Amino acid sequence: MKAELLKRFFRAIASSDQEAIDKLTHLVIEEERSKGHTLLADQLENITKKSQKEKSTDRSKPASSLRDATRTLPENLDALTELPTSKRFNLPLVTIIPREKLRHHMVLPENIEKRFRRIEREYAARDRLAHHGLHYRQKILLYGPPGCGKTLGAERLAWNTGLPLLKVRFDAMVSSFLGETASNLRIVFEDAAKNPCLLFLDECDSIAKSREDYQEVGEIKRVVNTFLQILDEYQPSSGLLVAATNLNKSLDTALWRRFDDLIAVPKPGKQELEFILKETLSAIEIGSINWSRIIEQMEGFSAAQAVRVAQDAAKRAILEREELVIQEHLEEAIAEIQVS
Ligand SMILES: Nc1ncnc2c1ncn2[C@@H]1O[C@H](COP(=O)(O)OP(=O)(O)OP(=O)(O)O)[C@@H](O)[C@H]1O
Ligand SMILES: [Mg+2]
């Protein structure tokens, strides 16, 4: 096996990045096959197939540290197949995101990572906390610039707590009929409180706008009032509520204190940018790169833009049949994003 491939393999194992491990395993098998080591390639393939089979039958079992967080899942999933719908149009007001579709790998500055982990740890220890009369952090607001991990953060919380993720569909929820948005909102919360789940209000600005905004009509103010009331009353026996917005300045000021935790998800710093680039490129060979020069050119980039730079650079390398990402590929991809 090539030294670079071996290093990437070890990096993926060290960071428990299953996606990268799977990709690299495939690469190793193909490399052995291309060298004519067919028997070895077949044996390696059989080993991976066997372990994938075991994992898929084991998937419903939670990680041991989060065992009590997920123990009620199977029967809840059945209950959740009956989704709340809007009265008038019979449209589902929420979508369930299946566990296998949840993205959960994210790169965050240490202090923010700790705050996400604290939510997960409190959730796992909720029974012990309750025993001492304490509540786990249950209502979370994620805010910050676009493309830095608010939606991803909610998915990661669902993944790590083992809770099914119910995403509110604001397109179905917000109705032009007087009073209907507020009543749809109530239906969703009442239903979500019945079963443990992570109720996710992504881009919640439409129901959380400042009531002082003179441009807003009475109906919006009524919806915001209802939302505030519901947040006060919402005490599901188990589960999480996560709201996300990048318009935090226009949110109603009364909203902030209704949450147990407010997390500003920031743009990545230099270290995080480098990490995101390297992780995204982990399945392709990398030539000698002056990383600090690359990172300097990416000042102000969001995490989503960093992923894009790495993916574009990898595509350039593959299309040019170099199969090796070099400095120019990354710099061209950066320049393109800067222009756009
Ligand atoms: N912290 C992060 N670590 C790694 N990748 C990230 C991170 N944040 C964002 N990304 C990448 O950017 C993509 C978009 O992120 P996400 O949807 O979470 O952004 P967002 O903050 O919700 O943006 P918006 O405000 O536009 O909804 C993700 O799918 C992922 O590829
Ligand atoms: Mg988002």
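Going by the structure above, here's the rest.
Since this is a predicted model, take the numbers as computed values, not measurements. (Residues numbered from 1 in each chain as written. Chains lettered and ligands numbered in written order. Predicted model: local features only at pLDDT ≥ 70, side-chain atom pairs only at ≥ 80, totals over all residues. Heavy atoms only, no water.)

Novice: Teacher, can you tell me more about the overall build of the chain here?
Specialist: Across its full length, the chain holds 17 helices and 8 strands. Residues classed as buried in the chain amount to 44% of the 340 residues present. With the model as given, the accessible surface of the chain reaches about 18600 Å², and the carbon-plus-sulfur share is 52%. (Helix = DSSP H or I, 4+ residues; strand = E, 2+ residues; numbered from the N terminus. Buried < 20%, exposed > 50% of the residue type's maximum accessible area, 1.4 Å probe, protein only. Areas by Shrake-Rupley, 256 points an atom, 1.4 Å probe, with all protein chains shown as cover.)

Novice: When you look at the site of ligand 1 in this model, what are you seeing that I'm missing?
Specialist: Around ligand 1 sit 17 residues in total, of which Arg 103, Gly 147, Lys 150, Thr 151 and Asn 246 are the nearest. Arg 103 is positioned such that a nitrogen or oxygen atom in its side chain is 2.3 Å from an oxygen atom of ligand 1. In this structure, Cys 148 approaches ligand 1 through a main-chain N or O atom, which is 3.2 Å from a nitrogen atom. Elements supplying a minimum of two residues to the shell around ligand 1: helix H8 (150–161) and helix H16 (303–319). A breakdown of the residues in the shell around ligand 1 according to their chemical character gives 10 nonpolar, 4 polar and 3 charged. (Near = heavy atom within 4 Å. Polar contact = N/O pair within 3.5 Å; in protein donor to acceptor, adjacent residues only side chain to side chain. Nonpolar A, V, L, I, M, F, W, Y, C, P; charged D, E, K, R; others polar.)

Novice: Is there a simple way to explain the environment of Glu 320 in this structure?
Specialist: The residue Glu 320 is located in the loop between H16 and strand S8 (324–325) in this model. Side-chain polar atoms of Glu 320 contact the side chain of His 329, separated by 2.9 Å.

Novice: What is the right way to read the packing of aromatic side chains from this model?
Specialist: Across all of its chains, the model carries 4 aromatic pairs by this definition. Ring geometry for Tyr 143 against Trp 256: centres 5.3 Å apart, planes inclined by 85°, an arrangement best described as edge-to-face. Of this pair, Tyr 143 sits in strand S2 (residues 139–143) while Trp 256 sits in helix H13 (residues 253–256), and the two are 113 residues apart along the sequence. These aromatic residues form a ring-pair network of at least three members: Phe 189, Phe 227 and Tyr 234. Lying across the ring of Trp 159, Arg 99 places its NZ or CZ 4.0 Å from the centre. Against the face of Tyr 123 rests Arg 126, its NZ or CZ located 4.3 Å from the ring centre. (Phe/Tyr/Trp six-rings, centres within 6.5 Å; stacked < 30°, edge-to-face > 60°. Lys NZ or Arg CZ within 6 Å of the ring centre and 35° of its normal.)

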